[in-house]
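These are the residues of each chain, in order.
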Amino acid sequence: MRASTAAPVFAALGDETRLHLVTRLGREGPLSIAKLTERTSITRQAVAKHLRVLEGAGVVASSRDGRDGRESVWKLEAKRLEDARAHLEVISRQWDDTLERLRAFVEDE
Amino acid sequence: MTTDRIEKRILLKAPLARVWSAISDSKQFGTWFGVELDGPFVAGQRITGRIVPTKVDADVAAQQKPFEGRAFDFVVDRIEPERLFSFRWHPAAIEEGVDYSKEETTLVTFELETAEGGTLLRVTESGFDKIPLARRAKAFTMNEGGWEAQTRLVRKYVEG
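Residues numbered from 1 in each chain as written. Chains lettered and ligands numbered in written order. Predicted model: local features only at pLDDT ≥ 70, side-chain atom pairs only at ≥ 80, totals over all residues. Heavy atoms only, no water.

*Asks:* Any chance you could explain the sheet that holds strand 3 (residues 46-51) of chain B here in plain terms?
*Replies:* Backbone-to-backbone hydrogen bonds join strands into a sheet, with any given pair of strands oriented parallel or antiparallel. All names here are of chain B. On the basis of which strands lie adjacent, the open sheet formed by 7 strands has the order 1-7-6-5-4-3-2 and antiparallel pairing. Of all strands in the sheet, those with a lone pairing partner are strand 1 (5-12) and strand 2 (35-37), marking the two edges. For this sheet the average axis-to-axis angle between neighbouring strands, irrespective of direction, equals 25 degrees. As paired elements, strand 2 and strand 3 share 3 bridges and run antiparallel to each other. (Pairing = 2+ DSSP bridges. Helix = DSSP H or I, 4+ residues; strand = E, 2+ residues; numbered from the N terminus. Axes fitted to C-alpha atoms, helices over the stretch in contact; angles between N-to-C directions.)

If you want it as structure tokens, here you go:
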């Protein structure tokens, strides 16, 4: 993953409400805005706005619900989240390099 | 897969006392880590320093130029002789003119134990989930190139 494609994902997730929406979609599968708004103090308009930000970053996508065909349902785009996790892999590899330097240092005697 | 912590285990073919001094002595730490530190490690105290410039390889030195002399600091957390050393820092906080002091830190812990053939070192860095995601993306960008070049250099230096 290149930084240029990772950055919008991180930016989109850098908000508590959006993280909450992503968590719910991850746990409960595709949901409508109505479902996402239930049991929260967030308005439908606010949820819709946050979903559009997430959609812009490619984190979620919407489709028509086949069952009643009236309301859009939103689902996670798993691939983009995997990309975001790759960030930790980069730091992990840096630790590998750093510890190899430590190894060279302490074993060189 | 967790996004909050990184854990590394490495078996070092060196006595525990040797590994402990390489980690807990700030001068030795700086040598392999690639920083020049201003004093000794003291539990609970901030230590400052700079990313060291290299003289090993002119080409890589040119790539590395943007990071030369950048301020580097962390707060020592715990020092338990020959067992544990930990500190808190701002991961990849090397952007100039940015005040990181209000941001969350990650906790880096080095734990040592004697093992068959040497010393087992476990390094964990935790707390990434509290780091603003925009910052993490930034860190990702900054880390490409600069740190990798530096890593190659230091390895070349200590192995050469």
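So that's the structure; there's more coming.
*Asks:* Honestly, the nonpolar core in this entry has me stumped. Any pointers?
*Replies:* Nonpolar side chains tend toward joint burial in soluble globular proteins. With 36 residues, the main nonpolar core has Trp95(A), Phe29(B), Phe74(B), Phe85(B), Phe110(B) and Leu121(B) as its most contacted residues. Here the element with the most residues in this core is helix 5 (residues 78-107) of chain A; it accounts for 7 residues. Leaving out residues up to four positions away in the same chain, Phe29(B) has contacts with Ala22(B), Ile23(B), Gly34(B), Leu37(B), Phe41(B), Phe74(B), Phe85(B), Phe87(B) and Phe110(B). Of all hydrophobic cores here, the second largest spans 14 residues; its members include Leu25(A), Leu36(A), Leu51(A) and Trp74(A). (Core = buried A, V, L, I, M, F, W, Y, C linked by side-chain atoms within 4.5 Å. Buried < 20%, exposed > 50% of the residue type's maximum accessible area, 1.4 Å probe, protein only. Contact = heavy atoms within 4.5 Å.)

*Asks:* Mind showing me how you'd approach the confidence of the model for chain B here?
*Replies:* Segments scoring low in pLDDT should not have their predicted coordinates read at a detailed level. All names here are of chain B. In the predicted model, chain B carries a mean pLDDT of 76, and the fraction of residues at 70 or more is 66%. Element-level pLDDT for chain B is lowest in helix 5 (residues 146-159), with a mean of 41, against a maximum mean of 95 in strand 5 (residues 84-89). Contacts of residues 140-160 to residues separated by more than four positions or lying in other chains number 49 contacts, the stretch itself having pLDDT below 50. (pLDDT = per-residue confidence, 0-100.)

*Asks:* How should I be thinking about the sheet that holds strand 3 (residues 72-76) of chain A in this particular structure?
*Replies:* Residue and element names in this part refer to chain A. In space, the 3 strands of this open sheet follow the order 1-3-2, with antiparallel pairing throughout. Unpaired on one side and paired on the other, strand 1 (31-32) and strand 2 (60-64) mark the two borders of the sheet. As paired strands, strand 1 and strand 3 are joined by 2 bridges and run antiparallel to one another. Each residue of the ladder has a partner; that of Ser-32, found in strand 3, is Val-73. In the packing of helix 2 (residues 16-28) onto the sheet, the strands contacted are strand 1, strand 2 and strand 3, and the crossing angle to strand 3 comes to about 90 degrees. In this fold helix 4 (residues 44-56) packs onto strand 2 and strand 3, with an angle of close to 115 degrees to the strand it touches most, strand 2.

*Asks:* I would appreciate a short explanation of the packing of aromatic side chains in the present structure.
*Replies:* Between two aromatic rings, the relevant description is the distance of the centres plus the angle of the planes. Applying the stated criterion across every chain yields a total of 21 aromatic pairs over all chains. In this structure an aromatic cluster arises from ring pairing among Trp95(A), Phe29(B), Trp32(B), Phe33(B), Phe41(B), Phe72(B), Phe74(B), Phe85(B), Phe87(B), Trp89(B) and Phe110(B). Sitting over the face of the ring of Phe33(B), Arg101(A) holds its NZ or CZ atom 5.9 Å from the ring centroid. Note that Arg18(B) overlies the ring of Phe105(A), its terminal NZ or CZ placed 4.8 Å from the centroid. (Phe/Tyr/Trp six-rings, centres within 6.5 Å; stacked < 30°, edge-to-face > 60°. Lys NZ or Arg CZ within 6 Å of the ring centre and 35° of its normal.)

*Asks:* Looking at this structure, I do not really get helix 2 of chain A. What am I missing?
*Replies:* Residues that lie three or four places apart on an α-helix share one face, since the helix turns once every 3.6 residues. Residue and element names in this part refer to chain A. Taking 1.5 Å per residue as the helical rise, helix 2 with its 13 residues ought to reach 18 Å, and the 18 Å between its terminal C-alpha atoms agrees with that figure. Residues of helix 2 that are buried include every one of Arg-18, Leu-21, Val-22, Arg-24 and Leu-25, and no others. The arc enclosing the buried residues of helix 2, seen along the axis, measures out at 160 degrees, which places them on a common side. Among the exposed residues of helix 2, those pointing more than 90 degrees away from its buried face are Glu-16, Gly-26 and Arg-27. With its phi angle positive at about 85 degrees, Gly-29 sits one or two positions after the end of helix 2. (Expected span 1.5 Å × (residues − 1). Arc of directions from axis to C-beta.)

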